[in-house]
Amino acid sequence: MRAWFFSENAYHLLPDAREYDSIRVKLPNRYYDPKIGADLYHRFIDEWLLAEELGLEIMVNEHHQTATNVNPSAAVVMGALGRVTRSARLLILGNPIANRREPVRVAEEMAMVDVYSRGRLECGFVRGVPYEMSAGNHRPTHMMERFWEAHDLIVKAWTSHDGPFNWEGKYFHHRQVNIWPRPYQEPHPPIWITALSPSSAREVGARGYTVACFLTGFEGTKTVFDSYRERRAELGLPAAPRERFAYAALVYTGDTDAEGYAGARKLMWYLESNKVPPQFTSPPGYHPIASTVNAMKGATPGIYKMFQNPTLEGLMEHGLVFAGNPDSVYRQIMRMYEHVGGFGQLLMMSQAGFLDHEETVKGMQMFSREVYPRLKELR
Amino acid sequence: MSGWLTVQDVQLECVERGHGRPILWLHGEEGLDHEAPVLDRLAAHGHLLAPSHPGFGHSPEAASIDAVDDLAYLYLDLLAQQDARDAVVIGCSLGGWIAAEMAVKCTERVARLILIAPLGIKVGDRETRDIPDIFALHPDEVLRLQYHDPARARLDHAALSDDRLTVIARNREATALYAWEPYFHDPKLRRRLHRITVPTLLLWGADDRFVTADCYGAAYRDAIPGAGLETIPGAGHFPHLEQPEALAERVRAFALA
């Protein structure tokens, strides 16, 4: 198993949440102090560098118009990391390509990072969370159709080496596509795609990309991984190796369970601070009609209750948090591993909110020294 | 009674009532309520056709249709299919935008045009949002802006059938399909409204806080040669829901007398 250190680069120094109605989309950026922001950026880059030093891989994502994640361009920070790291794989998970106006630009940026890093990029494509729709003014209907057209255009741009090709699709038009540079890796960087539903998992499975689940817990993750595997079997394709399956959880390892739990409670800032009004959580067309109807009736699936009033016990019970002493963390990860039929990539959200630099480093060190060697043997 | 129509391979759920002069009712983003009293009142004066636009109500989405421009051509085709000669076309809000887009293309089969608080034009400058962003406002605030009596407009979702909830969700999704960007307007429509040469009446709820008669309504009226603008007391953005009798009477007096 490979483990990835992932930090959302939050700007956590906010006023009392009673003073604003949304941490996303409309929180005024007067609350953001660029001098503090600069210190935070450098601190987070230091932590990614430390991850490499500890033998962990590096993961970056992007969000827009939110204090929960001040990385509106994953390509920018990964460009910097591509220069200053030497050996870690560099995962962007990911590029919200249904929301980007120019897929060719994404193909160029990703090729650049791949060349900078001499072929260490792992390129993720994501649909993006619902709050991204207003932030980017992107129409939330028919998103997956737009997503796959963008994907097809990007892959073709990466793999065409004989001069311009033409693209006049439903969503994107580009008559002279001929990117410089081309990717370092052949035929292109490995592709990762996040999936929350069986239908999207089937699409990813058919293509054999790495599928990633974020905080989907035991049952949600199993459903996605099973759908991926079933689709490949239906198509007569070879079974995918474990490294095609990724799971993201909040992870904090301490000397003791008490220390691990204390760190995990600070990581819960991700869930606790996510104050967002209904118009941004359910843009029309984002969720399937049947789910919207259930939500209108007030039915909330069990796992989503976790997000409304998170408790550490509940999150651990559902497999959203792995925390405690090294043996505990190992056992919890293996419980998920066994439940979902194995996975080869552990995406660790291991920095958040008020977890300071020393605490973050402690959790990373404990994990990489005491837990990771046992997980690596799973390969 | 309601049934189905097929226009150029596009399937439309459609309320069809009454006899005589064709009356085409184009619903807005609120969707079509088959039981709405205004429909019967209009059907007393002619042959009412009230389709649900593709994606709204129970009408399936259509692969060929994802913009108001497409809807305008679809309903011009419907008038031709009906061989309408002197149709009265009525549209409310999003439906008013569709009706205006039809009329700038062709009024050959249209005798009277009635636009009820139509959307579709850009009035202010680029930093002035003419139409409040319903996708970024709390649902309660949207009700406050759109209704004379918001408390009566609020729905208790727990009391509604799955079918009704499905229609509400589909209506909202279809609204996003047609009106997300540019937001509820066609940047070129205002300069084309001069092409409308049939008698046109703009009707506006006096308490419409969503788009006001004084600003948005006046801009629409000024762009259509000879158009009149009347307000209806006790109504917000959807006067056919809050004052169906008064609305139907204005329509009758202007177009069906």
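## Remarks on the overall build of chain B
Helix and strand counts for chain B stand at 10 helices and 8 strands. By the compact-globule yardstick of 18 Å for 257 residues, chain B fits well, its C-alpha radius of gyration being 17 Å. Seen through its principal axes, chain B has C-alpha atoms that stretch 45 × 40 × 35 Å. Counting every position in chain B, which comprises 257 residues, the buried fraction comes to 57%.

## Quick word on the pattern of salt bridges
Across all of its chains, the model carries 34 salt bridges over all chains by this definition. A salt bridge links R100(A) to E109(A); its shortest N-O distance comes to 3.2 Å. The class of E109(A) is buried, set by a relative accessible area of 12%. Across the pair K122(B) and D130(B) runs a salt bridge, and its minimum N-O distance is 3.4 Å.

## Quick word on the sheet that holds strand 3 (residues 22-26) of chain B
Residues and elements named next belong to chain B. Pairing in this open sheet of 8 strands is mixed, and the strands run 1-2-4-3-5-6-7-8 from one edge to the other. Two strands bound the open sheet, and with one partner strand each, they are strand 1 (2-7) and strand 8 (228-232). The sheet shows a mean angle of 25° between the axes of neighbouring strands, direction not considered. Sheet analysis places strand 7 (residues 200-205) next to strand 8, joined by 5 bridges and oriented parallel. The residue bridging L203 from the neighbouring strand is E230, located in strand 8. In the packing of helix 10 (residues 244-256) onto the sheet, the strands contacted are strand 3, strand 5 (87-92), strand 6 (110-116), strand 7 and strand 8, and the crossing angle to strand 6 comes to about 155°.

## Describing the interface of chain B and chain A
At the interface, 20 residues of chain B touch 22 residues of chain A. In total, about 1,900 Å² of surface goes out of reach between chain B and chain A, with carbon and sulfur atoms giving 60% of it. Counting the surface chain B buries against chain A, the share from its top three residues, E173(B), L177(B) and W180(B), is 31%. Between K297(A) and D162(B) there is a salt bridge whose closest N-O contact spans 2.9 Å. Between the two partners, chain B and chain A, sit 7 residue pairs in polar contact (both at pLDDT 80 or more). With 10 residues, the top contributor of residues to the side of chain B that touches chain A is helix 6 (residues 162-179) of chain B. Here the side of chain B that touches chain A is composed, by residue class, of 10 nonpolar, 3 polar and 7 charged.

## Overview of helix 3 (residues 103-116) of chain A
All names here are of chain A. Between the first and last C-alpha of helix 3 there are 20 Å, a value that for 14 residues agrees with the 20 Å anticipated at 1.5 Å per step. Residues of helix 3 that are buried include every one of P103, V104, V106, A107, E109, M110, A111, V113 and D114, and no others. On its buried face, helix 3 sits against helix 2 (74-84), strand 3 (90-95), strand 4 (121-125), helix 5 (143-159) and strand 6 (173-177). Following helix 3 by one or two positions, R118 has its phi on the positive side, about 55°.

## Examining the environment of M336(A)
Residues and elements named next belong to chain A. Within the secondary structure, M336 is located in helix 14 (residues 326-339). Residue classification places M336 among the buried positions, given a relative accessible area of 0%. Sequence-wise, M336 and H318 are 18 residues apart; in three dimensions their C-alpha atoms are separated by 9.4 Å. Residues contacting M336, with those up to four places away along its chain left out, are G217, F218, Y247, H318, G319, F322 and F343.

## Some thoughts on the packing of aromatic side chains
Each aromatic ring pair is specified by the distance between its two centres and by the angle formed by the two planes. Residue and element names in this part refer to chain A. If you walk through the whole model with that rule in mind, you get 18 aromatic pairs over all chains. Between F147 and W148 the ring centres are 5.2 Å apart and the planes differ by 85°, which places this aromatic pair in the edge-to-face class. On the basis of relative accessibility, which here comes to 1%, the residue F147 falls in the buried class. Site record: aromatic cluster; members linked through ring pairs are Y247, F322, Y337 and F343. Above the plane of the ring of F165 lies K156, whose end atom (NZ or CZ) is 4.8 Å from the centre. Looking at R229, its charged tip hangs above the ring of F245, at a distance of 4.1 Å from the centre.

## Considerations on a nonpolar patch on the surface
All names here are of chain A. Where nonpolar side chains cluster on the molecular surface, the patch consists of L13, I36 and F354 and spans about 250 Å² of accessible area. The residue L13 is located in the loop between strand 1 (2-7) and helix 1 (34-53) in this model. Judged by its relative accessible area of 39%, L13 is partly exposed.

Conventions and cut-offs
Residues numbered from 1 in each chain as written. Chains lettered and ligands numbered in written order. Predicted model: local features only at pLDDT ≥ 70, side-chain atom pairs only at ≥ 80, totals over all residues. Heavy atoms only, no water. Helix = DSSP H or I, 4+ residues; strand = E, 2+ residues; numbered from the N terminus. Rg over C-alpha atoms; globule rule 2.2 N^0.38 Å. Buried < 20%, exposed > 50% of the residue type's maximum accessible area, 1.4 Å probe, protein only. Salt bridge = Lys/Arg side-chain N within 4 Å of Asp/Glu carboxyl O. Pairing = 2+ DSSP bridges. Axes fitted to C-alpha atoms, helices over the stretch in contact; angles between N-to-C directions. Contact = heavy atoms within 4.5 Å. Buried area = accessible area lost by both parts, 1.4 Å probe. Polar contact = N/O pair within 3.5 Å; in protein donor to acceptor, adjacent residues only side chain to side chain. Nonpolar A, V, L, I, M, F, W, Y, C, P; charged D, E, K, R; others polar. Expected span 1.5 Å × (residues − 1). Phe/Tyr/Trp six-rings, centres within 6.5 Å; stacked < 30°, edge-to-face > 60°. Lys NZ or Arg CZ within 6 Å of the ring centre and 35° of its normal. Patch = residues over 30% accessible without salt bridge, like charges linked within 9 Å, V, L, I, M, F, W, Y side chains within 5 Å. Areas by Shrake-Rupley, 256 points an atom, 1.4 Å probe, with all protein chains shown as cover.

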